[in-house]
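Summary of the model geometry
One letter stands for each residue in the lines below.
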Amino acid sequence: QVQLAESGGGLVQAGGSLRLSCAQSGRTFRSYAMGWFRQAPGKEREFVAAISWGGGSTHYADSVKGRFTISRDNAKNTVYLQMISLKPEDTAVYYCAAGVAVAGGARDRIDYWGQGTQVTVSS
């Protein structure tokens, strides 16, 4: 069994920064890709960013390109989302995800989700 636990959310002003962390516990024999999704009140969950197991491939939603950076430290079983230049429209609950395919597309195979961490950006 694998569990994901997000942390690092909070309240920031527009233009500020936050770093989210997602710690994985448990063991898997699969080489999981990791990603971040978010869901704002009254809206559907949307893809934010993803990273391959080895960290060599990343991709981002257009809305966060140039502002968010995803990274991972496999030795710590942790994935990060560094967010800068935050905007009020970034306000959402951010969820960590793990799976054999995490790319924000129809072929996603996501096996595990975290409980989410709230990010609120004020203006």
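About the criteria used
- Residue positions within a chain follow its written sequence, with the count starting from 1.
- Restriction of local features to residues with pLDDT of at least 70 applies here, the model being predicted, together with a cutoff of 80 or more for giving and counting side-chain atom pairs; totals for whole chains, interfaces and linings are based on all residues.
- Water and hydrogen atoms play no part in the side-chain values, which are based on all heavy atoms of the structure.
- By convention, a stacked pair of Phe, Tyr or Trp rings (six-membered ring in the case of Trp) has centres within 6.5 Å and planes under 30 degrees apart, an edge-to-face pair has planes over 60 apart, and any other such pair is tilted.
- Think of it this way: any DSSP run of H or I at least four residues long counts as a helix, any run of E at least two long counts as a strand, and we number them from the N terminus.
- To sort residues, take the accessible area from a 1.4 Å probe on protein chains only and compare it with the maximum for the residue type: under 20% means buried, over 50% means exposed, and anything in between is partly exposed.
- Here a residue-residue contact requires only that any non-hydrogen atoms of the pair lie within 4.5 Å.
- As used in this structure description, the phrase polar contact means that two N or O atoms lie within 3.5 Å; if the pair is within protein, one of them must be able to donate a hydrogen and the other to accept it, and residues adjacent in sequence are counted only when both atoms belong to side chains.
- Any two cysteine sulfur atoms lying within 2.5 Å of each other are counted as a disulfide.
- Within this scheme the basic residues Lys and Arg register as positive and the acidic residues Asp and Glu register as negative, but His and the chain ends are omitted.
- Salt bridges are defined as contacts in which a side-chain nitrogen from Lys or Arg sits within 4 Å of a carboxyl oxygen from Asp or Glu.

What follows deals with the packing of aromatic side chains. For the structure on display, the rule yields 3 aromatic pairs. Measuring from centroid to centroid gives 5.6 Å for Phe37 and Phe47, while their planes differ by 75 degrees, and the two rings are edge-to-face. With Phe37 in strand S4 (residues 33–39) and Phe47 in strand S5 (residues 46–51), the pair connects residues that are 10 residues apart, well separated along the chain. With respect to burial, Phe37 and Phe47 carry one shared label: buried.

Our next topic: the environment of Ser52. Mapped onto the secondary structure, Ser52 falls in the loop between S5 and strand S6 (58–60). Overall, the relative accessible area of 24% leaves Ser52 in the partly exposed class. Taking the C-alpha atoms as reference points, Ser52 and Thr120, 68 residues apart in sequence, are found 27 Å from one another. In this structure Ser52 touches Ala33, Ser57 and Arg72, once residues within four positions along its chain are discounted. Among the polar contacts made by the side chain of Ser52, one reaches the main-chain amide nitrogen of Gly56 at a distance of 3.3 Å.

Turning to unusual backbone geometry, a few remarks are in order. Here the phi dihedral of Asn77 falls at roughly 55 degrees; this positive angle occurs in a residue that is not glycine. Unusually for a residue other than glycine, Ser85 sits at a positive phi of about 50 degrees. Here Ser85 lies in the loop between strand S8 (78–83) and strand S9 (92–101).

Summed over all chains, the structure comprises 1 disulfide. One disulfide bridge connects Cys22 with Cys96, the sulfur atoms lying 2.0 Å from each other. An S-S torsion of about -85 degrees defines the bridge between Cys22 and Cys96 as left-handed. With a gap of 74 residues between them, Cys22 in strand S3 (residues 18–26) and Cys96 in strand S9 connect regions that are remote in the sequence.

Topologically, Arg38 is positioned in strand S4. For Arg38, a relative accessible area of 4% translates into the label buried. Engagement of the side chain of Arg38 in a polar contact is seen with the side chain of Glu46, the distance being 2.8 Å. Not counting residues within four places of it along the chain, the set of residues in contact with Arg38 comprises Glu44, Arg45, Glu46, Val48, Ser63, Val64, Phe68, Glu89, Asp90, Ala92, Val93 and Tyr94.

It is worth spelling out the side chain of Arg72 at this point. Along the chain, the position of Arg72 falls in strand S7 (residues 68–73). The side chain of Arg72 is buried and forms no salt bridge, while Asp73, the nearest opposite charge, is found at 8.3 Å. Within the structure, Arg72 has its side chain in polar contact with the backbone oxygen of Tyr32 (distance 3.0 Å). Separated by 2.9 Å, the side chain of Arg72 and the backbone oxygen of Ser52 make a polar contact.

Attention now moves to the pattern of salt bridges. Opposite charge on two side chains makes pairing possible when the charged atoms of those side chains draw close. Enumeration according to the criterion identifies 4 salt bridges in this entry. Across the salt bridge formed by Arg38 and Glu46, the nearest N and O atoms sit 2.8 Å from each other. Put simply, Arg38 and Asp90 hold a salt bridge, and the shortest N to O gap is 2.9 Å. In this pair, Arg38 sits in strand S4 while Asp90 sits in the loop between S8 and S9, placing the two residues 52 residues apart along the sequence. Connected through salt bridges with shared partners, the residues Arg38, Glu46, Arg67 and Asp90 form a single ionic network.

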